[in-house]
Amino acid sequence: MSKRIEAVQSVKGTRDLMPPETSVWQRVEEEARRVLRAYAFREIRTPILESTALFARSVGEDTDIVSKEMYTFQDRDNESLTLRPEATASAVRAYIEHRLFNEGGLQKLYYMGPMFRRERPQKGRYRQFYQIGAEALGSDHPAIDVESMEMLVLLLEQLSVQEFTLLLNSVGCPRCRPEYLKVLRHALEDVRANLCRDCQRRAVTNPLRVLDCKVEADQPIIEQLPRMADYLCPECRQHFEAVKDGLESRRIDYRQAPRLVRGLDYYTRTTFEITCSALGAQNAVLGGGRYDGLSEMLGGPPAPGFGFAIGEDRLALVVMDSIAKQLELGPLAYVAWIGEAALGSAENLARALRRQGISVEISHQPMKLKKSLGTASKLAARFAIIIGEGELESGRYQVKDMTTGQQTEIETNQIERYLQQNSARAI
RNA sequence: GUGAGCGUAGCUCAGCUGGUAGAGCGCCAGACUGUGGAUCUGGACGUCGCGGGUUCGAAUCCCGUCGCUCACCCCA
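Since this is a predicted model, take the numbers as computed values, not measurements. (Residues numbered from 1 in each chain as written. Chains lettered and ligands numbered in written order. Predicted model: local features only at pLDDT ≥ 70, side-chain atom pairs only at ≥ 80, totals over all residues. Heavy atoms only, no water.)

Caption draft 1: Structural view of the packing of aromatic side chains. For the structure shown, the criterion picks out 7 aromatic pairs. For the ring pair Y180 and Y231, a centre distance of 5.7 Å and an interplane angle of 45° mean the geometry is tilted. With Y180 in helix 6 (residues 177–191) and Y231 in the loop between helix 9 (219–224) and helix 10 (234–249), the pair connects residues that are 51 residues apart, well separated along the chain. A relative accessible area of 1% means that Y180 is categorised as buried. Of the aromatic side chains, those joined through ring pairs into one cluster are Y266, Y267 and Y291. The aromatic ring of Y126 is capped on one face by R15, whose charged end is 3.9 Å from the ring centroid. Lying across the ring of F240, K244 places its NZ or CZ 4.4 Å from the centre. (Phe/Tyr/Trp six-rings, centres within 6.5 Å; stacked < 30°, edge-to-face > 60°. Helix = DSSP H or I, 4+ residues; strand = E, 2+ residues; numbered from the N terminus. Buried < 20%, exposed > 50% of the residue type's maximum accessible area, 1.4 Å probe, protein only. Lys NZ or Arg CZ within 6 Å of the ring centre and 35° of its normal.)

Below, the structure written as structure tokens:
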């Protein structure tokens, strides 16, 4: 007996994006491109596959991402390759490789595409996920930080995202951060016993994480812990103040988040995140910050930078409810033909309209008119064009507006114009 | 990687303490042979996630496995 063949399914943590969801993604990407272009960012496309060393050196050997989440394999010539877990490293690598620093001034680049991290999937977290990111390289001016955040807030507004919070912090630089960590560790030793179980562990493994604890009972203790902001060196402090002033003068709401910690080693000074309550546990829609030493870590010249990544999966999730329905547009016209004699004329009309970029659907099989209109209705077509014996003879086709039920006879060569004029919406 | 919950028709789900499957929505057809969305009537559709075990008998109980969800962790 033959055994039933098991259906192959998508691999864990990856998924197919299907209509109507894809129309939300298209909307998000269109708007992102528009806003990025408005702020003079230009697109780059880097490989998804990179040398493992790139991420080890930039993101950091000891981070979770590098130490346990990367898809890494030996190529046939034994080179170690990795599916990118993020793209800032790639962007900076490309910046160095193509000597963009020789062009002087600021280089503003953006990218979008899939990233890979082998984590346990859950809502808003996938093994293949998508980011839209941008990097501004070649300046450490605080206005870069402010302008980027301004742009992101604009993007969210354009996408009608309602409830979001901008969280801001400074993680200092290689000069002042170690000093703070020492102080924090010391402070934690005294209060450790009173913290929750998780924090007792974090106090040793990753003291910064204690600051991010959500347990109610721990909050009073955490409040009392030393803050990075109080240990910034003069330069970092000045930068932080300038960023805050910039946001305030532009009327951009933010919340200072002394506990906001980012898990990548290359961050310096400004770090930020925008969260959305609608997302649940994985509530960060986007995040980023400054990385003034990254170029040098990757063998390039000094080139301070600021960048961010938007979690497209999460942003799409937030945008979904509000606009998914209104984005689902059917074809502008459905061609309903009656009888084999009308098929040729119907196909000619469909082709002519389609060549003008008008979205048209047509049946390749004979159907009763009733069924044709039912299909047009189901597809949410705006118009149905009816072509039968009478229409063939007169050369005037019936054009029915499916929203009003109104029907008009239109000269064949006038149909395109009629459709354009009588539809308020885009093709 | 750890812990918990869940996988039954295309979708949302019901199925009590084991007696080999049901509803709503959707789909198809007809009432209505060139006019859709409403109504009525009829119809099709299930590897009960997969594999094994217990049993006379398993969607139901047990074990394993895959997947999803939630939390931890981490981050986008």
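Caption draft 2: Summary view of the protein's contact with RNA strand B. As a structural note, the neighbourhood of RNA strand B is formed by 51 residues, with K123, R202, R209, R262 and G263 the closest of them. Within 4 Å of the protein, the contacting atoms of RNA strand B are 51% sugar and phosphate, with bases supplying the remainder. Between RNA strand B and the protein, one listed contact pairs a phosphate oxygen with a backbone N or O atom of G13 at 3.2 Å. Within the backbone of A284, an N or O atom sits 3.1 Å from a sugar or linking oxygen of RNA strand B. Elements with a minimum of two residues in the surface near RNA strand B: strand 6 (128–137), helix 7 (197–205), strand 10 (284–290), strand 11 (305–311), helix 14 (369–378), helix 15 (389–394) and strand 15 (396–401). Ranked by the residues each element gives to the surface near RNA strand B, the list is headed by helix 14, at 7 residues. Residue classes in the surface near RNA strand B are distributed as 13 nonpolar, 16 polar and 22 charged. (Near = heavy atom within 4 Å. Polar contact = N/O pair within 3.5 Å; in protein donor to acceptor, adjacent residues only side chain to side chain. Nonpolar A, V, L, I, M, F, W, Y, C, P; charged D, E, K, R; others polar.)

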